[in-house]
Amino acid sequence: GLQTFAEYMMALTDVKGLSDVAEIRATKARRRKALQTFTAEGAPGSALGPQLEKMAKALQLPQEVIERTGADELARLGLGAGVVGLLPSFLHALRELKRQGRSFSVCFRTFGHDLPNLAAEYNALCEGK
């Protein structure tokens, strides 16, 4: 069947059965580099590079918003890097649920250290900021 590049790399760089810690770390580093450079020139996903750039640019706050709001306020709102963490479509869906008077819950699960910024961004939405 079909397989994602991430699934392919996981199979190719499987560390099960390896006992040497240095070899395990090196294998995981190769996997991480392959995944992080998927759209780089010469990589399997290089044709998708322009699309990735377009999507990343769409998540950046407009320069006039950054200038008008100020760095301290943006940091307080979880937007210190000038990039939104919550997709505009997700925020729109939340607004629609609220507008329709529907009951809902939101649970965030992240894979890094971005939860405080996401929580601040979400709270700013809830507070109408």
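Residues numbered from 1 in each chain as written. Predicted model: local features only at pLDDT ≥ 70, side-chain atom pairs only at ≥ 80, totals over all residues. Heavy atoms only, no water.

Tell me about the packing of helix α1 (residues 5-12) against helix α2 (residues 21-36), and name the residues and values.
With their axes 10 Å apart at the nearest point, α1 and α2 run at an angle of 165° to one another. Classed by the angle they form, the pair α1 and α2 counts as roughly antiparallel. As α1 packs across α2, the resulting crossing turns out to be right-handed. Here Phe5, Ala6, Met9 and Met10 of α1 come into contact with α2, specifically with Arg31, Ala34 and Leu35. Here the contact of α1 with α2 is built from residues that sort into six nonpolar, no polar and one charged. (Axes fitted to C-alpha atoms, helices over the stretch in contact; angles between N-to-C directions. Helix = DSSP H or I, 4+ residues; strand = E, 2+ residues; numbered from the N terminus. Parallel < 35°, antiparallel > 145°, perpendicular 65-115°, else oblique. Left-handed = near helix turned anticlockwise from the far one by under 90°. Contact = heavy atoms within 4.5 Å. Nonpolar A, V, L, I, M, F, W, Y, C, P; charged D, E, K, R; others polar.)

Pulling in residues and values, what's your account of helix α6 (residues 88-99)?
When the terminal C-alpha atoms of α6 are compared, their 16 Å separation across 12 residues agrees well with the 16 Å that a helix rising 1.5 Å per residue should span. Within two residues after α6, Gly101 carries a phi angle of roughly 70°, on the positive side. (Expected span 1.5 Å × (residues − 1).)

Hey, could you go over the environment of Gly42 for me, with residue numbers and the actual values?
Summarising the element assignment, Gly42 is placed in the loop between α2 and α3 (49-58). Residue classification places Gly42 among the exposed positions, given a relative accessible area of 76%. In this structure, the C-alpha to C-alpha distance between Gly42 and Gly17, residues 25 residues apart in sequence, is 31 Å. (Buried < 20%, exposed > 50% of the residue type's maximum accessible area, 1.4 Å probe, protein only.)

Please give an account of the pattern of salt bridges that cites residues and values.
Counted under the stated rule, the structure contains two salt bridges. Here Glu73 ties to Arg76 by a salt bridge, and the two come within 2.8 Å at their closest N and O atoms. With Glu73 and Arg76 both in helix α5 (residues 71-76), this residue pair falls three residues apart, about one helical turn. The exposure class assigned to Arg76 is partly exposed, which follows from its relative accessible area of 44%. (Salt bridge = Lys/Arg side-chain N within 4 Å of Asp/Glu carboxyl O.)

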